[in-house]
Amino acid sequence: MNDEKMIQESAARLFADAAQDLTLNERAEAGEFPAALWTQIEESGFQLSLVSSDQGFGLMPEQALPIFAELGRYRIPTPLAETAIGLALLDAAGQSLPVGPGTVIDARVGTELSLASSGATISGRAQNVPWARHARWAVAQLDNGDLAYVELADAKGVSITPGRDTAGMPSDTISFESAIVRAVLPAPAFAVREPLRSLGALVHSTMMTGAMQWVLEQAIQYANDRVQFGRPIGKNQALQQALAQAAGDVATARMASLIAGQDFSLTDAERECRVPFGVAVAKVCCGEAGTRVAAVGHQVLGAIGFTREHALHTATRRLWAWREAYGADAWWAQRLGETAIRAGSTAFWTAVAERQFRTA
Amino acid sequence: MQVLNIRPAQLPPECEDLRAQVRSFLSDALADYPREERARNWSGYSAEFSRKLGERGWIGMTWPKRYGGCERSMLERYVVLEELLAAGAPVSAHWVADRQSGPLLIRYSPDVLAPRLVPKIVRGECFFCIGMSEPDSGSDLASIRTRAVRDGDDWVINGRKVWTSSAHKAHYMIALVRTAAPSEKRYVGMSQFLVDMRTPGLIVRPIINQLGEHEFNEVTFDDVRVPHENLIGEEGDGWNQVTTELTFERAGPERYMSSTQLMLEMLDAADASNPHHTLVLGRLVAQYATLRQMSLGVSGMLAAGQNPSMAAAAVKDQGALLEQAIPDLAHELFGGRVPPDSTLAKVQQHLVVANPSFSLRGGTREILRGILAKGMGLR
């Protein structure tokens, strides 16, 4: 067995064990940080999986991403995704890596940050920051394309107001008042524009494929088990058709995220055009599929699936949260559409075949 | 449980040289081929164009050299096909023979029929049609009633086939018929025959489709006599052969690319500063990009000797959704707002009317999803 397979399987085992505790998500939604689980994750080193240098495992993104599909599949409430994304960004910009959970601050409506002219402090407000209250550090996207690396835990000038996303996970507002900036990661350190949003979208697309796969499995199982009118509801053709389309949707989403992972790099300048193409395609396809698969899952599971007595909501609410995170599918689609229209019909097929619009 | 595991396929580097050659050929060969005609995509017919492709070794390109093939890889073939479709080349004359009839003859009649016919297929001189559907047998193919009865060294066929595309232009039909009466086991007792379209007793009548075009036919068999050597493979093996063929029939890039010319027209008509245009077209670009990888992935599975019948059904289902979304989205963005004599309007008009067939041909959406449901353990 190769290393990447071992890493994926050990992640799956750890997450599967953690998911045995059916109160895990409930407690996280109530505001509890799963400290013991986080310690296990950190000891396994999964937060370093997206770090491409020798500070990490030296995996290619496509080798590390299956961990995040498992994370989505087992619906594990931790800041692992954000920590791994933040560490990958810090590593790509040559920073030494902090320990402890971290988070990332995407440029989005409701977030306005400004760096002091010295670059030493940051002020402003950031909304919908995942797990901010438990994060020791954050990497924030700035308007000029640079990223700021800031301390959060016990830092002066940082105040955090708790909030929750659609999945009930911590999604907080941070106010910065001349808070100390540990480093500015300059835009040219990255081969791609918007590295934070791009990696965030890729990782969350991949997480969605895991959550979708789990929803599909629950729905198939339930359709075969649940008897109405004297036979399993899975004998109902309308329901079979919906589930078959959902299976196609899951396969499509998975393909889009796998290809985006193969084409992704934060630092390889040769992939400058492939990265935004692959990520946009993945986020659009995973967003669309996630919307449909969540709907089919709920339709099949009926009333029980709409309750907290069944775990379906731990996946569907994540799908609804993640389809919006790091650029909603519509946002990425518009950007892809704009590029495609500007490139015109003669560039279209080449772009599909080459997986990029050559803008140079 | 992984319901459908379609892995990305990598195109070997030699494919890109081949792609460049195909593009260069197409830009010459199709220089005067208008966009309205390209909108027909793989329904476009030109025997002359098929012969030109044959000259270049791009028909039957994976087949053994002893039959005139080039023994190239399935992925190289995939690249040629997708370039032909992207350009809207008129490929229908040889398409069926290249996709399924040739491989069928090579596999099941390697010493008798294949040496005689396959070299002509490769040259783009011999075209096939498929006789599967009948008046009372559409999706339920096992209910066919056309019969072949052994008579000395011959078989005598009686019955009727419908929706037979290009039967009036094809040289041969591969016909699925009953060679034994229907029994409890519905899929038993069927066989396939090679039928020369000039055989006495075989009558081809046009069925005009809703586009007003003659593509479909009704083919009646009235004591059509074919020699025993035209029985393909073993007697009674017809169902097995057909299900293999259907995987090839469903796996190709033609199952998501049928509306490509309209996509191109929309891109040229669209305004990059209009958020409705960018949203709709961006979603379509993403779907194209992913379906291309799905379709390529299925070809990779075929190339690796797997049987991707589930994956092919899923890709055809998803591909038809894309093909069918495009004409309606063109209506949404541009309907009634472009000059009626514009290429966009003409291409759109053609595809709006052609559109319903995309989820019927090659297995209806419902049949495909039934296959998937069964594979997923439902039913």
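An account of the accompanying structure is given in this report. Here the structure is a predicted model, which is why all the values come from computation and not from measurement.

**Quick word on the overall build of chain A**
Here is step 1 of the chain: Helix and strand content of chain A: 11 helices and 9 strands.
Here is step 2 of the chain: For chain A, the C-alpha radius of gyration of 20 Å lies close to 21 Å, the compact-globule estimate for 360 residues.
Here is step 3 of the chain: Summarising its shape, the C-alpha atoms of chain A cover approximately 75 × 55 × 45 Å along the three principal directions.
Here is step 4 of the chain: Relative to its full complement of 360 residues, chain A shows a buried share of 58%.
Here is step 5 of the chain: Within chain A, contacts between residues at least 6 apart in sequence are counted, and of these 73% link residues at least 24 apart.
Here is step 6 of the chain: Of the roughly 14,300 Å² of accessible surface on chain A, a fraction of 48% belongs to carbon and sulfur atoms.

**Examining the overall build of chain B**
Here is step 1 of the chain: A count of helical and extended segments in chain B gives 12 helices and 8 strands.
Here is step 2 of the chain: For chain B, whose C-alpha radius of gyration is 21 Å, the value lies close to the compact-globule estimate of 21 Å for 379 residues.
Here is step 3 of the chain: Across its three principal axes, chain B shows a C-alpha extent of roughly 75 × 50 × 45 Å.
Here is step 4 of the chain: Expressed as a percentage of its 379 residues, the buried residues of chain B come to 57%.
Here is step 5 of the chain: The long-range fraction of contacts in chain B, counting pairs at least 24 apart against all pairs at least 6 apart in sequence, stands at 75%.
Here is step 6 of the chain: Carbon and sulfur atoms make up 50% of the accessible area of chain B, which amounts to about 14,900 Å² in all.
Here is step 7 of the chain: Between the centroid of the 42 positive side chains of chain B and the centroid of its 45 negative side chains there is a distance of 3 Å.

**Things to note about empty space enclosed by the protein**
Here is step 1 of the chain: One pass over the full model with this rule turns up 5 cavities of 30 Å³ or more.
Here is step 2 of the chain: Each pocket or cavity is described by its volume, and for the largest cavity that value is around 100 Å³.
Here is step 3 of the chain: Forming the boundary of the largest cavity are 13 residues, of which Ile259, Val281 and Arg355 of chain A together with Ala289 and Gln293 of chain B lie nearest the centre.
Here is step 4 of the chain: Broken down by element, the lining of the largest cavity gets its largest block of residues, 5 residues, from helix H7 (residues 237-263) of chain A.

**So, the packing of helix H8 (residues 274-305) of chain A against helix H9 (residues 275-303) of chain B**
Here is step 1 of the chain: Contact pair H8 of chain A / H9 of chain B: the axes reach a minimum separation of 9 Å and the direction vectors enclose 100°. What the angle tells us is that H8 of chain A and H9 of chain B run roughly perpendicular. In this structure, H8 of chain A uses Phe277, Val281, Val284, Cys285 and Glu288 of chain A to contact H9 of chain B, whose residues at the interface are Arg283, Val285, Ala286, Gln287, Ala289 and Thr290 of chain B.
Here is step 2 of the chain: Class assignment for the residues of the contact of H8 of chain A with H9 of chain B results in 7 nonpolar, 2 polar and 2 charged.

**As for the pairing of strand S5 (residues 190-196) of chain B**
Residue and element names in this part refer to chain B.
Here is step 1 of the chain: The element S5 is largely enclosed, with a buried count of 7 among its 7 residues.
Here is step 2 of the chain: Of the two faces of S5, the one lined by Met190, Gln192, Leu194 and Asp196 and the one lined by Ser191, Phe193 and Val195 are each fully buried.
Here is step 3 of the chain: As judged from the 2 bridges shared by S5 and strand S8 (residues 231-232), these two strands associate in the antiparallel manner. Among the inter-strand pairings, Phe193 is bridged to a residue of S8, identified as Leu231.

**With respect to the environment of Arg99 of chain B**
All names here are of chain B.
Here is step 1 of the chain: Residue position: Arg99 is located in helix H5 (residues 92-108).
Here is step 2 of the chain: The class for Arg99 is buried, based on a relative accessible area of 7%.
Here is step 3 of the chain: In this structure the C-alpha to C-alpha distance between Arg99 and Gly362, which are 263 residues apart in sequence, comes to 13 Å.
Here is step 4 of the chain: Non-local contacts of Arg99, meaning those with residues more than four positions away in its chain, are made with Trp42, Arg77, Ile130, Phe248, Glu249, Glu254 and Arg255.
Here is step 5 of the chain: Polar contacts involving the side chain of Arg99 include one to the side chain of Glu254, which spans 2.7 Å.

**Here we look at the pattern of salt bridges**
Opposite charge on two side chains permits pairing when their charged atoms draw close.
Residue and element names in this part refer to chain B.
Here is step 1 of the chain: As enumerated under the stated definition, the model contains 47 salt bridges over all chains in all.
Here is step 2 of the chain: Of the charged contacts, one joins Glu125 and Arg123 as a salt bridge, the two residues approaching to 3.2 Å between their closest N and O atoms.
Here is step 3 of the chain: Taking relative accessible area as the criterion, Glu125 reaches 35% and is therefore assigned partly exposed.
Here is step 4 of the chain: Asp140 is paired through a salt bridge with Arg186; the nearest N and O atoms lie 2.9 Å apart. One end of the pair, Asp140, is in the loop between strand S1 (128-131) and strand S2 (147-151); the other, Arg186, is in the loop between strand S4 (172-178) and S5, with 46 residues separating them in the sequence.

**Focus: the layout of surface pockets**
Empty pockets left among the atoms are what a rolling probe the size of a water molecule brings to light.
Here is step 1 of the chain: Of the volumes computed, that of the second largest pocket is approximately 710 Å³.
Here is step 2 of the chain: In this structure, the second largest pocket is lined by 26 residues; those nearest its centre are Gln8, Pro66, Arg254 and Leu258 of chain A together with Arg7 of chain B.
Here is step 3 of the chain: Secondary-structure elements contributing two or more residues to the lining of the second largest pocket are helix H1 (3-19), helix H4 (61-74), helix H6 (195-225) and H7 of chain A.
Here is step 4 of the chain: Sort the elements by how many residues they give to the lining of the second largest pocket and H4 of chain A lands first, with 7 residues.
Here is step 5 of the chain: Class assignment for the residues of the lining of the second largest pocket results in 6 nonpolar, 12 polar and 8 charged.

**Things to note about the interface of chain A and chain B**
Here is step 1 of the chain: Each partner contributes residues to the interface: chain A has 48 residues there, and chain B has 54 residues.
Here is step 2 of the chain: Remark: the boundary between chain A and chain B carries 2 salt bridges.
Here is step 3 of the chain: Counting across the chain A and chain B interface gives 14 residue pairs in polar contact (both at pLDDT 80 or more).
Here is step 4 of the chain: At the level of secondary structure, the elements contributing two or more residues to the side of chain A that touches chain B comprise H6, H7, H8, helix H10 (329-343) and helix H11 (345-354) of chain A.
Here is step 5 of the chain: Taken together, the residues of the side of chain A that touches chain B break down into 25 nonpolar, 14 polar and 9 charged.

**Description of the side chain of Arg75 of chain A**
Residues and elements named next belong to chain A.
Here is step 1 of the chain: By the secondary structure assignment, Arg75 is in the loop between H4 and helix H5 (80-92).
Here is step 2 of the chain: An unpaired buried charge is present at Arg75: no salt bridge exists, and Glu217, the closest side chain of opposite charge, is 8.4 Å distant.
Here is step 3 of the chain: Excluding residues within four positions of it along the chain, Arg75 makes contact with Asn25, Trp214, Ala311, Thr314, Ala315 and Arg318.

The rules behind these values
Residues numbered from 1 in each chain as written. Chains lettered and ligands numbered in written order. Predicted model: local features only at pLDDT ≥ 70, side-chain atom pairs only at ≥ 80, totals over all residues. Heavy atoms only, no water. Helix = DSSP H or I, 4+ residues; strand = E, 2+ residues; numbered from the N terminus. Rg over C-alpha atoms; globule rule 2.2 N^0.38 Å. Buried < 20%, exposed > 50% of the residue type's maximum accessible area, 1.4 Å probe, protein only. Contact = heavy atoms within 4.5 Å. Areas by Shrake-Rupley, 256 points an atom, 1.4 Å probe, with all protein chains shown as cover. Lys, Arg positive; Asp, Glu negative; His and termini not counted. Charge placed at Lys NZ, Arg CZ, Asp CG, Glu CD. 1 Å grid on protein atoms, 1.4 Å probe; cavity = no way out; pocket = protein on both sides within 12 Å on 5 of 7 lines; lining within 4 Å. Points joined across faces, edges and corners; volume = space filled by probe spheres on them. Axes fitted to C-alpha atoms, helices over the stretch in contact; angles between N-to-C directions. Parallel < 35°, antiparallel > 145°, perpendicular 65-115°, else oblique. Nonpolar A, V, L, I, M, F, W, Y, C, P; charged D, E, K, R; others polar. Pairing = 2+ DSSP bridges. Polar contact = N/O pair within 3.5 Å; in protein donor to acceptor, adjacent residues only side chain to side chain. Salt bridge = Lys/Arg side-chain N within 4 Å of Asp/Glu carboxyl O.

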